[in-house]
Amino acid sequence: MVNLPRIVVAAPSSGAGKTTVATGLMAALTARGLAVSPHKVGPDYIDPGYHALATGRPGRNLDAFLCGPQRLAPLLLHGARGADVAVVEGVMGLFDGAAGQGELASTAQVAKVLRAPVVLVVDASAQSRSVAALVHGFASWDPQVRLGGVILNRVASDRHEQLLREALEEGSGVPVLGAVRRTDSVATPSRHLGLVPAAERDAEAVHAVGDMGRLVRESVDLDAVLALARSAPPLPDLPWDPAAEIAALGGPVAGRPRIALAGGAAFTFCYAEHAELLTAAGAEVVPFDPLRDEALPESVAGLVVGGGFPEVFAAQLSANRPLRGAVAALAASGAPVAAECAGLLYLARSLDGRPMCGVLDADARMGERLTLGYREAVALHDSPLAAAGTRVHGHEFHRTVCEPGAGGVAAWGWRGPDGPRTEGFVHSSVHASYLHLHWAGVPGLPLRLAGHAASGTT
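Notes on the structure follow. Here the structure is a predicted model, which means the values were calculated and not measured.

Observations concerning the sheet that holds strand S13 (residues 337-340)
Logical step 1: Taken together, the six strands give an open sheet; going across it, the order is S11-S10-S12-S13-S21-S20, and neighbouring strands pair in mixed fashion. Each having just a single partner strand, strand S11 (284-288) and strand S20 (425-427) make up the two edges of the open sheet. With strand direction ignored, the average angle separating the axes of adjacent strands in the sheet is 15 degrees.
Logical step 2: One ladder, built from four bridges, connects S13 with strand S21 (residues 430-433); its direction is parallel. Pairing of Ala339 across the sheet is with Ala432, part of S21.

Following this line, the structure appears as structure tokens:
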């Protein structure tokens, strides 16, 4: 049994301010000298970047669709090793989950699996007594979800706060843990896929997180929040262990192959568990920044290029001709290359008319519509990442278009609303796709990738 104080920060809907409140709570509790473990429900890569700035620890995701409900508590405990408290930011509205699949992947499901009390962030800007009806509905909808407190957001004045508190005291039975005044001083800029990643804002992002922490510290009863977190019962689960996952599949591989992992401002979408699984699989993971480095790390035997915003940095990526050539040469050598979303665009022939690595016979451009949603996919062909027939749960999230959308040898197939669909490219030793995966849900993939890298070094 593991006794980990924890809370889940949720909201009735998107846009209520839960990212500001959750990040501010993390920063405020960290400023108190507590070790805070930050987590995010769902597949989002951007919020965890701000969580990491607030706490000094990697922001980690808890996604029941990508990883399975049974892995949520172990992944929480893995990320929270040595922490005093865990703060989990929810996704969308409290009860919103995977489309057409009930509560699957919802914040409510995660809270129930983690046996964690929920703090509901309510945008109170356009209501007074009605807030009590809203909170009462959320508190009573699912008796297994324990709504332990409310933080009122965008409160206009002392009088407004008094009306809200009186209504909640009279009609909801849920304690008010804080009231945050309406302010634009902590606004975080957004663009086509949500917030601008913290890695792109550097000092500005650090300043924004500091403002969130001060706002919450001045507006929220942190002692009451901690008391609620400490009321969570012990968890019977063991922490997730990447080494044990890999060992159960017959790893690690021999030879300690070096695998380069793209990072920097253009490639910020990568779950922390990916590098941990590659390391457990026997690889030496070597980060590099395609915006700054003109060469791949020395003696690399494989390459992973995750997601991000290459369309924002297309000019700089294209201008780095030495690195583009090195990536193309590595792929041509037969070394395994795994790319998803932004990585797919980087490996294409061009992006918005600018030359990219030219590994794939495809061109990419910004589109007019957002492609978003969970996918249940199957590998159609053998590749260095997945054996044919491998079934995965993934997530698409992009506004770019790749033409063609699939190569002559496609990476994945799934059934969409318009019928069967193929997507992505398997080209020699390259696996490239728009589909984002969380390797904790499919640990055989990093082991297979490491094995292909090792076979090229022996």
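Some thoughts on the pairing of strand S16 (residues 363-379)
Logical step 1: Of the pairings in the sheet, the one linking strand S14 (residues 350-351) to S16 comprises two bridges and is parallel in character. Bridge pairing links Leu351 to Ala364 in S16.
Logical step 2: In terms of strand pairing, S16 meets strand S17 (residues 391-403) through twelve bridges, oriented antiparallel. Its bridge partner lying in S17, Ala364 is registered against Cys402.
Logical step 3: Pairing geometry for S16 and strand S18 (residues 412-416), over two bridges, is antiparallel. What sits directly across from Val378, in S18, is Gly413.

Examining the pairing of S13
Logical step 1: What you see with S13 is no split at all: Val337 and Ala339 on one side and Ala338 and Glu340 on the other are buried throughout.
Logical step 2: As judged from the three bridges shared by strand S12 (residues 300-305) and S13, these two strands associate in the parallel manner. Each residue of the ladder has a partner; that of Leu303, found in S13, is Val337.

A closer look at the packing of aromatic side chains
Logical step 1: The full count for this structure, using the stated rule, is seven aromatic pairs.
Logical step 2: An angle of 55 degrees between the planes, with centres 6.3 Å apart, marks the rings of Phe95 and Trp141 as tilted. Here the residue Phe95 occupies a position in the loop between strand S4 (85-89) and helix H5 (107-114), and Trp141 occupies one in helix H6 (residues 130-141), the gap between them amounting to 46 residues.
Logical step 3: Assessed through its relative accessible area of 23%, Phe95 is described here as partly exposed.
Logical step 4: Judged by relative accessible area, which is 65%, Trp141 ranks as exposed.
Logical step 5: The rings of Tyr45, Phe269, Tyr271 and Phe309 are connected pair by pair, giving a single aromatic cluster.

Some remarks on the nonpolar core
Logical step 1: Membership of the largest hydrophobic core comes to 113 residues, with the highest contact counts inside it found for Ile7, Leu25, Leu114, Val135, Leu152, Trp412 and Trp439.
Logical step 2: Top element by residues in this core is helix H1 (residues 18-31). It accounts for seven residues.
Logical step 3: With near-sequence residues (within four places) excluded, Leu152 lies in contact with Val122, Ala124, Val131, Leu164, Leu168, Val176, Gly178, Ala179 and Val180.
Logical step 4: In terms of nonpolar packing, the next biggest core, distinct from the first, is built from 38 residues, Val327, Cys357, Phe425 and Val430 among them.

Here is what the cut-offs are and how they apply
- Residues numbered from 1 in each chain as written.
- Predicted model: local features only at pLDDT ≥ 70, side-chain atom pairs only at ≥ 80, totals over all residues.
- Heavy atoms only, no water.
- Pairing = 2+ DSSP bridges.
- Helix = DSSP H or I, 4+ residues; strand = E, 2+ residues; numbered from the N terminus.
- Axes fitted to C-alpha atoms, helices over the stretch in contact; angles between N-to-C directions.
- Buried < 20%, exposed > 50% of the residue type's maximum accessible area, 1.4 Å probe, protein only.
- Phe/Tyr/Trp six-rings, centres within 6.5 Å; stacked < 30°, edge-to-face > 60°.
- Core = buried A, V, L, I, M, F, W, Y, C linked by side-chain atoms within 4.5 Å.
- Contact = heavy atoms within 4.5 Å.

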